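Structural overview for review
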Amino acid sequence: MSEPLLEIRDLKVHFRRRQINPFAASQVVHAVDGVSLSLAKGRTLGLVGESGSGKTTVARAILRLVPVTEGSIRLGDTQVEQLSDQELRKKRGSVQYIFQDPYSSLNPRVRAGDIVRSPLDVLAIGDKASREARVIELFEAVGLRPEQRALFPHQFSGGQRQRINIARALAPDPELIICDEPVSALDVAIRAQILNLLQRLKRDRAITYLFISHDMAVVKHMADEVVVMYLGQIVERAPRRAFFSAPRHPYSLALLSAVPDTRAGAGRSAKRILLSGDPPSPIAPPTGCRFASRCPIAEPGCHEQVPPLRTIAVDHTVRCHRVDRTGG
Amino acid sequence: MSATPLLAVEELSVEFSSRGRAAHVLNSVTFNVRAGETLGIVGESGCGKSMTALAIMRLVPSPPGRISGGRIALNGEDMLPVSDARMRDIRGNRIAMIFQEPMTSLNPVFTVGSQIVEALHRHLGLSGETARRRGIELLKAVGIPLPDARFDEYPHQLSGGMRQRVMIAMAIACEPDLLIADEPTTALDVTVQAQIFDLLRSIQQRRGMGMILITHDMGVIAEMTDRVVVMYGGRVVENGATADVLAEPAHPYTRGLLACVPVLEMGDEDEPAELPEIAGVVPSIFDLQAGCPFADRCGVVVARCRAEMPPLVQFGDGHRVACWQREETRT
């Protein structure tokens, strides 16, 4: 296989938290703490985890919307973390972002057509006529009628607004589209429409997605590969089939078992792995395995030693002391 | 079956008027909730689920809305003629509600303790140390660690899951007969959702209260409810025992809702398959025509659907559906 489109090596994003007391030692939030991943062109990587696991911060680091504390991000032949602001602006067209909330991510005072055209204007792609033609083509591609270009965001439903967001993301012909919980705010029936649209676009245009979600069923539907994050670190990475047929990390198992499913019925809750409490604070992450405090199979040793990411099968890595002993 | 259900909603209609036009937000909604059971109400946004809950709480925003017909009875007592003052005694005491957004439904400038104590004071007359002790007990009952300390904290100091636990503590403070939970976990992570459902289930088993759970997720319905009401366009289009409805969904909308959810089970496919979708969107209540509100999105629509609303007809053991297709095959 050729070189991956996106390659992140040992990425760390730490935020300094300001203290009210000027003499107190400042606290550091370890939002992302040593994440490495790669993504080949035309593939979809599903990034999963609870709120606060650092998945959105990884995505924002790729766009340099947060400062990169350590590590490297390579997109195509560009080292993203080394770009100057000016170079970065030119490069912005190659990564686009679809946000979770289709209501707050569109300017209510700008017409839908102008919203979709704005990346072309900002990046000065094409002339006036070709931009307009591109907007019409995009509206059709995402299932909107071209005459709806003249409408304002409030005149669209939530699902249609997400279609506008997708059209805007497609406009500059990006190499990578980051979808940050793109269907979490939508109704189930609309969710299916948007997921199908994203799949169709991927097939037709060979788009590469970084797909962030906490819903395992949605990730299973979208991703070729799955990366599970917990408290700023990757705990498991596997291809889709391997992950969903035999997940290995106890956190992955807990996430999977938490999804309510119509097929399993009421019996499912009995088999559920219920995690107690909330994840620990990323300000002072626990020594040892970060998941140990909530892990159903933790041993005393887990609290002391940080488990390394170990490869247990082809392309399948897990960060857990107990995995080979529990036998999966 | 006992003679009087805990809650009986009969032919409930709610009307909204805007710019001289009236629209039926709810249209002849009928269902029962028995003590100790969980009834699920499922449908997309704009189908009337939350409005049904608000009508039961007598909280329909008025104007522009008003309850234009029907009957709501709690333990046999008709609730609609009840005075506002008496309703305030019932609300939070015999019927309690948990809302979707735990951040906006707690007051940010008061401690969580004082917000729990408010209900204890208002309905049970508790105050001072007694109220505080009871409040801390409640926080403990909903699984909040260090309840003594949390009692004096403000909502912003708690996580989303903790806030929803506080909401539940407030809701069960007066041991209500009926708890209405309106999408209680939509804003939460799946892992926290599992915790909250586990908590609601154990509280219900302990206290034997009736519960209405509003959701748009069929998975939640499957897991949490005994019976289910499927709503569309302000009407009940199907209801019945959850197991029956899941095994044999009779309305095309119910079938659509069940089919369009991605499933976790790993099949044989290498590439993710296309999800079946329900085309189109929920119609605005001001655009509803005569006939079945689902006709425009329905895959099995016939001419009659656009002319006449099908009645809700029973065909199995308590399983009812409003669809002409079903009528045709039956006769």
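Residues numbered from 1 in each chain as written. Chains lettered and ligands numbered in written order. Predicted model: local features only at pLDDT ≥ 70, side-chain atom pairs only at ≥ 80, totals over all residues.

Details of the overall build of chain B
- The helix and strand tally for chain B stands at 12 helices and 12 strands.
- Scaling as 2.2 N^0.38, a compact globule of 331 residues should have a C-alpha radius of gyration of about 20 Å, and chain B matches this with 21 Å.
- In terms of principal-axis extent, the alpha carbons of chain B reach across some 65 × 55 × 45 Å.
- Looking at the 331 residues of chain B, the share that counts as buried comes to 48%.
- Restricting to contacts in chain B with at least 6 residues of sequence separation, those with at least 24 account for 63%. (Helix = DSSP H or I, 4+ residues; strand = E, 2+ residues; numbered from the N terminus. Rg over C-alpha atoms; globule rule 2.2 N^0.38 Å. Buried ≥ 20, exposed ≤ 12 C-beta atoms within 10 Å, placed from the backbone. Contact = placed C-beta atoms within 7 Å.)

Examining unusual backbone geometry
- Residue B:Pro63 is reached from B:Ser62 by a cis peptide bond, and omega for that bond is -15°.
- Tracing the sequence through the fold places B:Pro63 in the loop between helix H1 (49-56) and strand E4 (65-74).
- Following B:Pro63, the chain continues to B:Pro64 via a peptide bond in cis, the omega torsion being 10°.
- You will see that A:Asp315, though not glycine, has its phi angle at about 65°, which is positive.
- Take A:Asp315: it is sitting in the loop between strand E11 (310-313) and strand E12 (316-318).

Topic: the nonpolar core
- In this structure, A:Leu210, A:Phe211, A:Val228, B:Ala169 and B:Ile180 are the most contacted members of the largest nonpolar core, which totals 187 residues.
- By residue number, the principal contributor to this core is helix H6 (residues 160-172) of chain B, which donates 8 residues.
- When residues of this core are sorted by domain, at least three fall in each of domain 1 (1-85 + 177-261) and domain 2 (102-173) of chain B.
- Excluding residues within four positions of it along the chain, A:Phe211 makes contact with A:Thr44, A:Leu45, A:Gly46, A:Leu47, A:Cys179, A:Val219, A:Met222 and A:Ala223. (Core = buried A, V, L, I, M, F, W, Y, C linked by C-beta atoms within 7 Å. Domains from an automatic or database assignment.)

Digging into the sheet that holds strand E12 (residues 320-321) of chain B
Residue and element names in this part refer to chain B.
- If you walk across this open sheet you meet the 8 strands as E6-E7-E8-E3-E9-E10-E12-E11, and the pairing is mixed. Strands at the two margins of the open sheet, each flanked by one partner only, are strand E6 (95-98) and strand E11 (313-314).
- Two strands pair when backbone bridges link them, and E6 and strand E7 (residues 178-182) are joined in this way by 4 bridges, in the parallel orientation. For Ile95, the partnering residue across the bridge sits in E7 and is Leu178.
- Across the sheet, H6 lies against E6 and E7, angled at about 175° from E6, the strand it touches most. (Pairing = 2+ DSSP bridges. Axes fitted to C-alpha atoms, helices over the stretch in contact; angles between N-to-C directions.)

Re the interface of chain A and chain B
- On the chain B side, the residues contacting the 41 residues of chain A number 37 residues.
- Among the secondary structure elements, those contributing two or more residues to the side of chain A that touches chain B are helix H6 (188-205), helix H7 (216-222), helix H8 (240-245), helix H9 (250-257) and helix H10 (268-271) of chain A.
- Tallying contributions element by element places H6(A) first for the side of chain A that touches chain B, with 7 residues.
- Residue composition of the side of chain A that touches chain B, grouped by class: 18 nonpolar, 13 polar and 10 charged. (Nonpolar A, V, L, I, M, F, W, Y, C, P; charged D, E, K, R; others polar.)

Notes on the packing of helix H3 (residues 112-122) of chain A against helix H4 (residues 128-141) of chain A
Residues and elements named next belong to chain A.
- Relative to each other, H3 and H4 sit at 125°, their axes nearing to 10 Å. Between H3 and H4, the angle falls in the class oblique. Relative to H4, the crossing made by H3 is right-handed. Across the interface between the two elements, Gly113, Val116, Arg117 and Leu120 of H3 pack against Arg131, Arg134, Val135 and Leu138 of H4.
- Broken down by class, the residue content of the contact of H3 with H4 amounts to 4 nonpolar, 1 polar and 3 charged. (Parallel < 35°, antiparallel > 145°, perpendicular 65-115°, else oblique. Left-handed = near helix turned anticlockwise from the far one by under 90°.)

What to know about H6(A)
All names here are of chain A.
- Look at H6: 26 Å from first C-alpha to last across 18 residues, which is about the 26 Å you get at 1.5 Å a residue.
- Among all positions of H6, only Val188, Ala189, Ile190, Arg191, Ala192, Gln193, Ile194, Leu195, Leu198 and Lys202 are buried.
- Ala206, located one to two residues past H6, shows a positive phi value of around 50°. (Expected span 1.5 Å × (residues − 1).)

Topic: helix H1 (residues 55-62) of chain A
- Most of H1(A) is tucked away: 7 of the 8 residues are buried.
- When H1(A) is considered as a whole, its buried residues turn out to be A:Lys55, A:Thr56, A:Thr57, A:Val58, A:Ala59, A:Ala61 and A:Ile62.

Looking at the pairing of strand E9 (residues 227-232) of chain B
Residues and elements named next belong to chain B.
- Of all 6 residues in E9, 6 are buried, a share of seventy percent or more.
- Alternating residues of E9 divide into Arg227, Val229 and Met231 and Val228, Val230 and Tyr232, and every residue in both groups is buried.
- Pairing geometry for strand E3 (residues 38-42) and E9, over 4 bridges, is parallel. Of the residues in E9, the one forming a bridge with Val42 is Val230.

Digging into the sheet that holds strand E3 (residues 44-48) of chain A
Residues and elements named next belong to chain A.
- Reading across the sheet, the 8 strands line up as E6-E7-E8-E3-E9-E10-E12-E11 and stay open at both edges, with mixed pairing between neighbours. The two strands at the open ends of the sheet, each matched to only one other strand, are strand E6 (95-98) and E11. Averaged over all pairs of adjacent strands, the angle between strand axes in this sheet comes to 25°, irrespective of strand direction.
- Sheet strands in contact with H9 are E3, strand E9 (225-230) and strand E10 (233-239), and its direction is about 105° off that of E9.

A closer look at the environment of B:Gly143
Residues and elements named next belong to chain B.
- Secondary-structure assignment places Gly143 in the loop between helix H4 (128-141) and helix H5 (147-150).
- C-alpha of Gly143 to C-alpha of Ala322: the two residues are 179 residues apart in sequence and 42 Å apart in space.
- The residues touching Gly143, leaving out its near neighbours within four places in the chain, are Arg165 and Leu199.

Considerations on the domain arrangement of chain B
All names here are of chain B.
- Taken domain by domain, chain B holds domain 1 (1-85 + 177-261) and domain 2 (102-173).
- Relative placement of domain 1 and domain 2: their C-alpha centres are 26 Å apart.
- Every contact between the two is made by 10 residues of domain 1 and, on the other side, 9 residues of domain 2.
- If one sorts the elements of the side of domain 1 that touches domain 2 by residue count, helix H7 (residues 190-207) sits on top with 6 residues.
- Split by residue class, the side of domain 1 that touches domain 2 holds 9 nonpolar, 1 polar and no charged.

Looking at the pairing of strand E1 (residues 7-18) of chain B
Residue and element names in this part refer to chain B.
- Bridge count between E1 and E4: 8 bridges; the pairing is antiparallel. Among the inter-strand pairings, Glu15 is bridged to a residue of E4, identified as Arg66.
- Linking E1 to strand E2 (residues 21-33), which pair antiparallel, is a turn of 2 residues; within it Arg19 sits at a positive phi near 45°.

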